[in-house]
Amino acid sequence: METPVRSRALATEAVHAGREDLAALGLHAAPIDLSTTYPSHDSRAEAARIDAFAETGAEPTLDGPPIYGRLGNPTVARFETALARLEGTESAVAFASGMAALSAVLLARSAMGLRHVVAVRPLYGCSDHLLTAGLLGTEVTWTDPAGVEDALRPDTGLVMVESPANPTLAEIDLRAVAHACGSVPLLVDNTFATPVLQRPAEQGARLVLHSATKYLGGHGDVLAGVVACDEELAGRLRQIRFATGGVLHPLAGYLLLRGLSTLPIRVRAASATAAELTRRLAADPRVTRVHYPSIGGAMVAFEVAGDPHEVISSVRLITPAVSLGSVDTLIQHPASISHRIVDAGDRRNAGVSDRLLRMSVGLEDVEDLWADLDAALGDGCGEAGAGVGEPAVAGRA
Ligand SMILES: *Cc1c(COP(=O)(O)O)cnc(C)c1O
């Protein structure tokens, strides 16, 4: 793996990183390698490479064919190289989904006897559930950013935060939390910001996680996850991925690499529209509160004076669906869907109101989106809106 180069701008890296060898191969588009196995007459060399992988987790595609598809894939490796470059980390390891990526991190740490996780709410509902239920044998202490240092124990293997968080868009001072972590690795779920708006590794995070299903893929047609980190942790993650099998399909790797090409332009365009919708929602009496991150982004969350289920059933252009980060605008009710699995009390304490709607703004024209939202908000269902002219709220809700 090449050492990270940050000399070129993000927009340039987005279309070139992971493709540097293509011209020499006589290719323009990245090839899709669908092989599950790789022939070799040199089993001594393969044995040596398997031993090296068992020792360090070094990418086995570097000095020869990958041996077997679960060990590595050249198309997926291109995506990993590109994402690492965008996040400014040494390496990245791709998985079948964001949850497979988080599971691998938790397993890698608990395999070292570090079973305790310190986490800050809110997190994506299923991440919250995975930690709360202890499904992988981990134990979680929930705290706020100021309480991280005091929550650390000798067996703490990970501190986990999301910023901006799903679904409230609450933001965390990553540099301060990274400092509080000391030698414990900080994992930042950067799904909402993407490296276009925030590079947590530059602020001290050792692991940067993405549900690549969202903005990195960007078109609502790929499930994937990825962890950007240093090569030492990446090696452990590749070993876990090999042993547990949560690999990314090569076709998904191809689509993600293609998705990265337009990531900067998609995120900036959708963010501009989201900022304008935030202004209009904040000035609307049918809306009691608007959440929009100080760093920008294409996600907007807002609390309605009336019935949030009515809004979901009334949108016509906007798609009423969970997930986010696609080219079209999606809206969902976190208390019913994305965060349903979180205990209602914990959910509300984390700032996830039952009247909160979460919208992922796409690339449609802002006037068409506003017309749809305006109609879906209807008459506000009779209850007085308290938020006339209330400014957009940034930071922790
Ligand atoms: C969707 C999501 C995940 C889970 O990713 P999958 O690809 O659905 O497994 C994790 N974190 C955040 C912030 C998400 O939005």
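Remember, it's a predicted structure, so these values are computed and weren't measured experimentally. (Residues numbered from 1 in each chain as written. Predicted model: local features only at pLDDT ≥ 70, side-chain atom pairs only at ≥ 80, totals over all residues. Heavy atoms only, no water.)

### Quick look at the environment of Arg206
Here is step 1 of the chain: Assignment of secondary structure puts Arg206 in the loop between helix H8 (194-197) and strand E6 (207-211).
Here is step 2 of the chain: Classification of Arg206 as partly exposed rests on a relative accessible area of 31%.
Here is step 3 of the chain: Taking the C-alpha atoms as reference points, Arg206 and Val148, separated by 58 residues in sequence, lie 16 Å from one another.
Here is step 4 of the chain: Not counting residues within four places of it along the chain, the set of residues in contact with Arg206 comprises Pro185, Leu186, Ala228, Cys229, Asp230, Glu232 and Leu233.
Here is step 5 of the chain: Polar contacts involving the side chain of Arg206 include one to the side chain of Asp230, which spans 2.7 Å. (Helix = DSSP H or I, 4+ residues; strand = E, 2+ residues; numbered from the N terminus. Buried < 20%, exposed > 50% of the residue type's maximum accessible area, 1.4 Å probe, protein only. Contact = heavy atoms within 4.5 Å. Polar contact = N/O pair within 3.5 Å; in protein donor to acceptor, adjacent residues only side chain to side chain.)

### Section: the domain arrangement of the chain
Here is step 1 of the chain: Under the domain assignment used here, the chain contains domain 1 (10-263) and domain 2 (265-394).
Here is step 2 of the chain: For domain 1 versus domain 2, the distance between C-alpha centres works out to 29 Å.
Here is step 3 of the chain: Listed by partner, the interface residues are 31 residues for domain 1 and 34 residues for domain 2.
Here is step 4 of the chain: Summed over both partners, the interface of domain 1 with domain 2 buries about 2600 Å², with 63% contributed by carbon and sulfur atoms.
Here is step 5 of the chain: Linking domain 1 with domain 2 are 1 salt bridge, by the criterion used here.
Here is step 6 of the chain: A salt bridge links Arg121 to Asp346; its shortest N-O distance comes to 3.5 Å.
Here is step 7 of the chain: The tally of links from domain 1 across to domain 2 stands at 17 residue pairs in polar contact (both at pLDDT 80 or more). (Domains from an automatic or database assignment. Buried area = accessible area lost by both parts, 1.4 Å probe. Salt bridge = Lys/Arg side-chain N within 4 Å of Asp/Glu carboxyl O.)

### Here we look at the site of the ligand
Here is step 1 of the chain: In the region of the ligand, 14 residues are neighbours, and Met99, Asp189, Ser211, Thr213 and Lys214 sit closest.
Here is step 2 of the chain: One of the backbone N or O atoms of Gly98 is found 2.9 Å from an oxygen atom in the ligand.
Here is step 3 of the chain: The contact in question runs from an oxygen atom of the ligand to an N or O atom on the side chain of Lys214, over 2.8 Å.
Here is step 4 of the chain: About the coverage of the ligand: the protein hides 93% of its 380 Å² of free accessible area.
Here is step 5 of the chain: For the shell around the ligand, a count of residues per class yields 5 nonpolar, 6 polar and 3 charged. (Near = heavy atom within 4 Å. Areas by Shrake-Rupley, 256 points an atom, 1.4 Å probe, with all protein chains shown as cover. Nonpolar A, V, L, I, M, F, W, Y, C, P; charged D, E, K, R; others polar.)

### Structural notes on the packing of helix H11 (residues 263-282) against helix H14 (residues 366-377)
Here is step 1 of the chain: At a closest axis distance of 10 Å, the pairing of H11 and H14 adopts a crossing angle of 35°. Our pair here, H11 against H14, has a crossing hand that is right-handed. Residue-level inspection shows Thr273, Glu276, Leu277, Arg280 and Leu281 of H11 in contact with H14, the latter providing Val366, Glu367, Leu369, Trp370, Leu373 and Leu377.
Here is step 2 of the chain: Its residues placed into classes, the contact of H11 with H14 shows 7 nonpolar, 1 polar and 3 charged. (Axes fitted to C-alpha atoms, helices over the stretch in contact; angles between N-to-C directions. Left-handed = near helix turned anticlockwise from the far one by under 90°.)

### Digging into helix H9 (residues 231-244)
Working note: α-helix, 3.6 residues per turn, so residues spaced by three or four point in the same direction.
Here is step 1 of the chain: Here H9 is 14 residues long and its end C-alpha atoms lie 20 Å apart, about the 20 Å a rise of 1.5 Å per residue gives.
Here is step 2 of the chain: Among the residues of H9, Leu233, Ala234, Gly235, Leu237, Arg238, Gln239, Ile240 and Arg241 are the ones counted as buried.
Here is step 3 of the chain: Here the buried face of H9 lies against helix H2 (43-56), helix H3 (74-87), strand E1 (91-95), helix H4 (98-110), E6 and strand E7 (225-229).
Here is step 4 of the chain: Sitting at the amino-terminal end of H9 is Asp230, which places a side-chain oxygen 3.2 Å from the backbone nitrogen of Glu232.
Here is step 5 of the chain: Taken from the residues just after H9, Gly245 is the one with a positive phi, measuring 85°. (Expected span 1.5 Å × (residues − 1).)

### Looking at the pattern of salt bridges
Here is step 1 of the chain: Enumeration over the complete set of coordinates arrives at 21 salt bridges.
Here is step 2 of the chain: Glu13 is the salt-bridge partner of Arg8, the closest N and O atoms lying 3.6 Å from each other.
Here is step 3 of the chain: Classification of Arg8 as partly exposed rests on a relative accessible area of 34%.
Here is step 4 of the chain: Note on Glu13: relative accessible area 1%, which makes it buried.
Here is step 5 of the chain: Within this structure, Arg8, Glu13, Glu20 and Arg85 form a network of salt bridges that share partners.

### Remarks on the packing of aromatic side chains
Here is step 1 of the chain: Using the criterion set out here, one finds 1 aromatic pair in the structure.
Here is step 2 of the chain: Look at Phe53 and Phe242: their rings are 5.6 Å apart centre to centre, the planes differ by 90°, and that puts the pair in the edge-to-face class. Separated by 189 residues along the polypeptide, Phe53 in helix H2 and Phe242 in helix H9 bring together distant segments of the chain.
Here is step 3 of the chain: Judged by its relative accessible area of 29%, Phe242 falls in the partly exposed class.
Here is step 4 of the chain: The ring of Trp142 carries Arg121 above its face, with NZ or CZ at 3.9 Å from the centroid.
Here is step 5 of the chain: Above the ring of Phe95, the side-chain terminus of Arg241 is found at 6.0 Å from the ring centroid. (Phe/Tyr/Trp six-rings, centres within 6.5 Å; stacked < 30°, edge-to-face > 60°. Lys NZ or Arg CZ within 6 Å of the ring centre and 35° of its normal.)

### Some thoughts on the side chain of Asp33
Here is step 1 of the chain: With respect to the helices and strands, the residue Asp33 is situated in the loop between helix H1 (10-16) and H2.
Here is step 2 of the chain: In terms of polar contacts, Asp33 uses its side chain to reach the side chain of Tyr38, at 3.1 Å.
Here is step 3 of the chain: In contact with Asp33, other than residues within four places in its own chain, are Tyr38, Asn73, Pro74, Thr75 and Pro250.

### Some thoughts on the pairing of strand E12 (residues 356-360)
Here is step 1 of the chain: For E12, the buried fraction is high: 5 of the 5 residues fall into the buried class.
Here is step 2 of the chain: Burial along E12 is two-sided: Leu356, Arg358 and Ser360 and Leu357 and Met359, pointing in opposite directions, are all buried.
Here is step 3 of the chain: For strand E9 (residues 299-304) and E12, the ladder comprises 5 bridges, and the chain directions are antiparallel. Considered in E12, the bridge of Val300 is made with Met359.
Here is step 4 of the chain: Judged from the 3 bridges that link them, strand E11 (residues 330-332) and E12 form a sheet pairing that is antiparallel. Residue Ile331 lies in a different strand from E12, and its bridge partner there is Met359. (Pairing = 2+ DSSP bridges.)

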